[in-house]
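Commentary on secondary and tertiary structure
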Amino acid sequence: MEETKQAYLQEVLETYRMSHIEDLVNKYKSRRDEVKEVLEEKYTGDIYSPINSGSFAKHTAINSKFDLDIAVPFKRDSFKTIEKMFDDVFGFLNAKYKDKATIRKQKVSIGIEFFADKDGDNISLDIVPGRELNKEQYPDDKNMNLYVNSKYGVIEKKTYIQTNIQAQIDHIKAKENERKIIRLLKIWKTSNSEKYKSFLLELLAIKAFEKESISGNLWEKLKAVMQYIQNNVAKEGFTLKDPGNSNNNVVETLETWERDNLSSKMKIIINHIEKNDDKIKLYFPKNSEFDDNDHSSNGSGYGIKGTTIASSIPPNNQRFGN
Amino acid sequence: MLDIGVIKGVISKIPYIKKVISLKKDEFFIYGKIEILFEGLEKPLSFKFQIFPQYPLKSYDSESIRFINKDLLKYNHVMKDGSICIHTSYNTNIRKKLLIDFNSLKSWIEKYYINNDEDKKYEHIIVSPSLIHNKYYSYIFTDVDYKFKKGDYGEVKLSLLANGIYKEANIANYLVKSFSTQNGEKTECYWNKMYKKNPLTDNGFYVFIEKHPAEYNKFAFKKFNKLETYIPSAFLDLLHKFEKYNLKNSKDIIVPMFIGYTTVESEIHWQVALLEIGNFPIKEEYEKKDKILVPIRKLTDQDIKWAITRNASYKYFFGRGTLVTKITNAKILVIGVGAIGSMIAKVLVKGGCRFVDIADYDIKEPENICRSEYLFNTGITDKVYELQQILLTNSPFVEINIFKKEYFEEIIKIFSTDLRDREHFASKLNEYDIIFDCTTDNDLMYVLNLLELNCDLINLSITNHAKELVCAFSPNIDHFVNTQFEKLLDNDIDDLYEPIGCWSPTFKASYADISVLVQMAMKQINLIYEKNKARNNFIIRTEDDNVFTVRIEEY
């Protein structure tokens, strides 16, 4: 049974590989490079080289939902305040792309969602402007202050937050096992519409590997990480240090009841899967678009039990009650 | 039949029964008189008692033994005929039951006669409704946005709610619609729009006297002249004028006179004395004022014919149980009002919800009735219009609006591909706090998922034979429901009900099969809101191999 789950999860990861959408990724990359270029041109002398960040840079992206992030490190004296820096970047991108995309101010970034192209693809990028802490120190310490758009998130009162994107990327470097679990947790999060931040799940998985001796097959590792989350995330005094800023305890972005819910959710998932292997498909579904074993007749990609032969017979997935 | 010897044997051994003055039996009853004396009583207290033939069994919710002393009327729990109101423990052994009942009488004496205890709980005054021309009258009122003061009087507008049978006689039930003060200020009762629109059928008068119109604050006055000191003379003038004006054309017509008073926490209550045109209890007397005789109107000693009144305000109407306020105060939409949806809507309305809108394009056919909330006597109808009426007849405090039938079947599906249209739909649907999707329509489920609504969206459906109920909360609906139905649940689609005449197979399940799941789902949803628990999806599973069992599985 454990082997079945192990094999299934391997297949799940396979269906979410970015390589399945190489053409789309290339479109993203080309848009990303284009935006990087226009930013470098506009802010030449005021910024250091923009860096790729986010899940793509960390190799934890999944192909069902992703965007590309660009961190733009501004020099200390480029703007009087980081709010002005944030507004200026937004104003520039808005003027530049308003006819091609929807531009939105987000919590610490500016979102660019390009209108659908001829293939119907919507490319979206997140631009994260940051300012070095002290003059000319960025090349050495990679520390930045990000502007916090106050209408978002739990850190409403703060207007800025210190971070180190490079340190965040380095934190996950060469951690192949952790990456697989992070990708599975992201698959759970996106397919089950969970609100937990990917960054939080990422740090939880890494901490689980640090604190527990996690081994075995993929299911055993995933289960051990989920058990770690279940046992610890709601505990008083539990911390999740942001590798980009040790003063930032990421678990505090959750309210107490959200921590309790996350803990109980992990317990529920483990129990369901332990009782019935099939339930793993509910929490960690394959991406049906890239599932070679998906033989569903209606193309919905869920491998419906049986097939629908006559048009007038209700499908096997028929719901009732109305 | 009762054995007088047994009664005699038992009561003669009760130590606080000082004397058995008499004990006799007629064809049905046993009558007696006793004297009671125990420590705390200064002198013996005598009671007549009457034992009914069904003793020791109760009848009509009352004990079949009565203890009577008409000198004790002023004490708590003494009825107008002097009987002590006791409710004692159940026992079918006549000897034990006699001991229990006499001990209860002793407890009453200690608590209310010796210690003069006041009850914390307010009790309404005792009114015996009268039959007039073989008919009872009832008046149902609710709260108004007006503070009545002592001496206020004016008109009451009434609407006939229904004629019926009450205690095997006719009854006319009226709804109080509004009060108009002597200054012409009108205040409407807090009923929902439908009841406010009920046609006006009758008029009455009101006077607010503040104090209870009752002897000992508990027995409603018997005679009109007992009200004399409470009622302003201008009100009597008004009644007199009204009677005189209508005497010719409306003789013998019943006119209700509402008498208002304060009960607990400044709440008001109304009792209604029924007046008959041509026989108003008003007399004219002359008094000397500054050596001139002036007519003064007074109330006569005519017997008051009391009507039945009930306070049906939200607090009392739903006093016995509601859903949690986060649900009852929410603006709710139920999409799809078939078996599940009509039950959900009814549970919400009976649970005290104030705003429940409904949407469905479908028609109610006779064969829908057996497992939904629809009625036979309405024939073939649009489900939404019939359900609206059913829900409104269940609660006078709920507003029910109907969504255009095209909205969820056409408009939202056609335009859901456009981002701006989606934002428009989302903003309209976000006006609701909770939306129940009971349509079982996968396409609608998909479209609603696209809208990323901020309100709570709850999706409910069942498997064939009502083996399982699947309840999913936004945002995790689409994936959860699809995976459950496609991969996990054992949904038997071979054994379906196929009606003759058209090919439209449907699931098999009875009203009980479905409602047990729906009620349980509502209990769980109520709990989630009450405890502010995570909106975790759940499945209710049934097993009926040996014993029927139901369990909730949380996801």
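Calculation rules
Residues numbered from 1 in each chain as written. Chains lettered and ligands numbered in written order. Predicted model: local features only at pLDDT ≥ 70, side-chain atom pairs only at ≥ 80, totals over all residues. Helix = DSSP H or I, 4+ residues; strand = E, 2+ residues; numbered from the N terminus. Rg over C-alpha atoms; globule rule 2.2 N^0.38 Å. Buried ≥ 20, exposed ≤ 12 C-beta atoms within 10 Å, placed from the backbone. Contact = placed C-beta atoms within 7 Å. Expected span 1.5 Å × (residues − 1). Pairing = 2+ DSSP bridges. Axes fitted to C-alpha atoms, helices over the stretch in contact; angles between N-to-C directions. Core = buried A, V, L, I, M, F, W, Y, C linked by C-beta atoms within 7 Å. Nonpolar A, V, L, I, M, F, W, Y, C, P; charged D, E, K, R; others polar. Domains from an automatic or database assignment. Parallel < 35°, antiparallel > 145°, perpendicular 65-115°, else oblique. Left-handed = near helix turned anticlockwise from the far one by under 90°.

For chain A, the helix and strand inventory stands at eleven helices and nine strands. The C-alpha radius of gyration computed for chain A amounts to 22 Å, which stays within 12% of the reference 20 Å derived for 322 residues, consistent with globular compactness. A burial count over chain A gives 39% of its 322 residues as buried. Long-range pairs, those at least 24 residues apart, make up 58% of the contacts in chain A between residues at least 6 apart in sequence.

Quick look at unusual backbone geometry now. All names here are of chain B. Cis geometry is adopted by the peptide bond preceding Pro56, which originates at Tyr55 and carries an omega value of 10°. Structurally, the position occupied by Pro56 is in the loop between β3 (45-51) and β4 (65-68). The peptide bond linking Ser474 to Pro475 adopts the cis configuration, its omega dihedral lying at 5°. Mapped onto the secondary structure, Pro475 falls in the loop between β23 (468-473) and α12 (478-488). Not every positive phi belongs to a glycine, and Lys167 is a case in point at roughly 50°. With respect to the helices and strands, the residue Lys167 is situated in the loop between β6 (153-166) and β7 (169-181). Judged by the 8 C-beta atoms lying within 10 Å of it, Lys167 falls in the exposed class.

We now examine helix α8 (residues 198-211) of chain A. Residues and elements named next belong to chain A. Counted at 1.5 Å a residue, the expected span for α8 with its 14 residues is 20 Å, and the 20 Å between its end C-alpha atoms agrees. In terms of burial, α8 is largely enclosed, as ten of its 14 residues are buried. Those residues of α8 not exposed but buried are Ser198, Leu200, Leu201, Glu202, Leu203, Leu204, Ala205, Ile206, Lys207 and Ala208. As for α8, its buried residues are in contact with α3 (54-58), α6 (165-171), α7 (176-191) and α9 (218-232).

Adjacent strands of a sheet pair through backbone hydrogen bonds, lying either parallel or antiparallel. Residues and elements named next belong to chain B. An order of β18-β17-β21-β22-β23-β24-β25 is seen for the seven strands of this open sheet, with the pairing classed as mixed. Single-partner strands in this sheet number two, and they are β18 (355-359) and β25 (549-554). Taken pair by pair, the neighbouring strands of this sheet meet at an average axis angle of 15°, ignoring direction. Bridge count between strand β17 (residues 331-335) and β18: five bridges; the pairing is parallel. In the sheet register, Ile332 faces β18, and the bridge partner there is Val356. Strands β22 (456-462), β23 and β24 (538-543) of the sheet are contacted by α12, whose axis makes an angle of about 160° with β23.

Moving on, we come to the nonpolar core. By size, the foremost hydrophobic cluster in this structure holds 140 residues, and its most contacted members are Ile127(A), Val334(B), Ile344(B), Ala345(B) and Val356(B). Per-element accounting of this core gives the leading share, eight residues, to helix α7 (residues 339-350) of chain B. Aside from chain neighbours lying at most four places away, what touches Val334(B) is Gly341(B), Ile344(B), Ala345(B), Val356(B), Ile358(B), Phe436(B) and Cys438(B). Formed by 43 residues, the second largest nonpolar core is a distinct cluster that contains Phe179(B), Tyr206(B), Val255(B) and Leu299(B).

Another point: the interface of chain B and chain A. How big an interface is tends to be reported as the loss of accessible area on association of its parts. Facing the 31 residues of chain B at the interface are 24 residues of chain A. Secondary structure elements with two or more residues in the side of chain B that touches chain A: α7, β22 and α12 of chain B. The leading source of residues in the side of chain B that touches chain A is α12(B), at eight residues. Here the residues of the side of chain B that touches chain A are counted per class, giving 15 nonpolar, 13 polar and three charged.

Residues and elements named next belong to chain B. The residue Ile369 is located in the loop between β19 (363-364) and β20 (381-382) in this model. For Ile369, a count of 15 C-beta atoms within 10 Å translates into the label partly exposed. It is 8.7 Å that separates the C-alpha atoms of Ile369 and Ala339, two residues lying 30 residues apart in sequence. If near-sequence neighbours (up to four positions away) are discounted, Ile369 is found in contact with Tyr374, Leu375 and Phe376.

Residues and elements named next belong to chain B. As summarised here, the arrangement of the four strands in space is β1-β2-β3-β4, forming an open sheet in which the pairing is antiparallel. Either end of the sheet is taken by a strand with one partner, and the two such strands are β1 (17-25) and β4. With strand direction ignored, the average angle separating the axes of adjacent strands in the sheet is 20°. Relative to strand β2 (residues 30-36), β1 runs antiparallel, the two being bridged by seven bridges. Note on β2: the bridge partner recorded for Val20 is Ile34. Running over the sheet, helix α1 (residues 4-11) touches β1, β2 and β3 and is turned about 175° from β1.

In this section: the domain arrangement of chain B. Residue and element names in this part refer to chain B. As assigned here, chain B comprises domain 1 (4-114), domain 2 (135-317) and domain 3 (325-554). Relative to domain 3, the C-alpha centre of domain 2 lies at a distance of 46 Å. Facing seven residues of domain 2, the contacting portion of domain 3 comprises five residues. Of all the secondary-structure elements, those providing two or more residues to the side of domain 2 that touches domain 3 are α3 (193-196) and α5 (314-317). Considering each element in turn, the side of domain 2 that touches domain 3 owes the most residues, three residues, to α3. Taken together, the residues of the side of domain 2 that touches domain 3 sort by class into five nonpolar, one polar and one charged.

This next bit is on the pairing of strand β13 (residues 268-276) of chain B. Residue and element names in this part refer to chain B. Here nine bridges tie strand β12 (residues 254-262) to β13, and the two strands are oriented antiparallel to one another. When the bridges of β13 are listed, Tyr261 appears paired with His269. Remark: five residues form the turn of the hairpin made by β12 and β13, two consecutive strands paired antiparallel; Glu265 in that turn has positive phi of roughly 50°.

On to the environment of Tyr529(B). All names here are of chain B. Turning to its location among the elements, Tyr529 is positioned in helix α13 (residues 511-530). For the pair Tyr529 and Ile327, spaced 202 residues apart in sequence, the C-alpha to C-alpha distance is 7.4 Å. With near-sequence residues (within four places) excluded, Tyr529 lies in contact with Val324, Lys326 and Ile327.

Our next topic: the packing of α7(B) against α13(B). Residues and elements named next belong to chain B. Packing of α7 against α13 leaves a shortest axis separation of 10 Å and a crossing angle of 50°. Taken together, the axis directions place α7 and α13 in an arrangement best described as oblique. Judged by the twist between their axes, the crossing of α7 over α13 is right-handed. Residues Ala339, Ile340, Met343, Ile344 and Val347 of α7 form the contact with α13, whose own contacting residues are Ile514, Ser515, Val518, Gln519 and Met522. Within the contact of α7 with α13, the residues separate by chemical class into eight nonpolar, two polar and no charged.

Right, let's talk about the packing of α8(A) against α9(A) for a bit. Residue and element names in this part refer to chain A. Axis separation between α8 and α9 bottoms out at 9 Å; the angle between their running directions is 100°. Between α8 and α9, the crossing angle belongs to the class labelled roughly perpendicular. Here Leu204, Ala205, Ala208 and Lys211 of α8 come into contact with α9, specifically with Ala224, Val225, Tyr228 and Ile229. Looking at side-chain class alone, the contact of α8 with α9 contains seven nonpolar, no polar and one charged residues.

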